[in-house]
Amino acid sequence: MPNRASSPGMVKFLFGRLLLPLSQSPEQGALPTLYAATVADVRGGQFVGPDGMAELRGAPKLVELAPRAADAETGRRLWELSEELTAVRYAFRAAA
């Protein structure tokens, strides 16, 4: 008997119906990146994201940085895990 929990129909239902209010099209999803890259008044260190509920969808706007995104230890662990999973290593010199 097939596993119904992982069937393509179940996945399509979950992502196509239940999560639809939390998603947006690829074109809409690209807008914050395009906005950040092309609007002159966005400065380095600022973050652009959707303006809708919980910043999950909507038009681009400046958003607050989540505290964990600025946590150096979290960043270090993410970098090390990324290097491990991709088998790509980078050698950076310490900032002067």
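Before reading further, recall that the structure is shown in the block above.
Procedures and definitions
Residues numbered from 1 in each chain as written. Predicted model: local features only at pLDDT ≥ 70, side-chain atom pairs only at ≥ 80, totals over all residues. Heavy atoms only, no water. Helix = DSSP H or I, 4+ residues; strand = E, 2+ residues; numbered from the N terminus. Expected span 1.5 Å × (residues − 1). Salt bridge = Lys/Arg side-chain N within 4 Å of Asp/Glu carboxyl O. Buried < 20%, exposed > 50% of the residue type's maximum accessible area, 1.4 Å probe, protein only.

**Q** How should helix H3 (residues 72-86) be read in this particular structure?
**A** In an α-helix, one full turn covers 3.6 residues, which means residues spaced three or four apart are oriented alike. Look at H3: 21 Å from first C-alpha to last across 15 residues, which is about the 21 Å you get at 1.5 Å a residue. Ala 87 lies just past H3 and shows a positive phi near 60°.

**Q** Explain the pattern of salt bridges to me, please; I cannot follow it from the model alone.
**A** In a structure, side chains of opposite charge can pair up when their charged atoms sit close to one another. Under the definition given, this model contains two salt bridges. The partner of Glu 73 in a salt bridge is Arg 76, with the nearest N and O atoms 2.3 Å apart. In this pair, Glu 73 and Arg 76 are both assigned in helix H3, three residues apart and thus about one turn of the helix distant. The class for Glu 73 is partly exposed, based on a relative accessible area of 38%.

**Q** In this structure, what is going on with unusual backbone geometry? I would like to understand it.
**A** For residues other than glycine, phi is negative in most cases, and the peptide bonds are mostly trans. Look at Ala 54: it is not a glycine, yet its phi comes out positive at around 55°. Mapped onto the fold, Ala 54 is located in the loop between strand S1 (47-50) and strand S2 (60-63). Ala 54 gets classed as exposed once you look at its relative accessible area, which sits at 61%. Positioned with a positive phi, Ala 87 is a non-glycine residue whose angle comes to about 60°. By the element assignment, Ala 87 lies in the segment after H3. Look at Ala 87 and you get exposed, because its relative accessible area is 66%.

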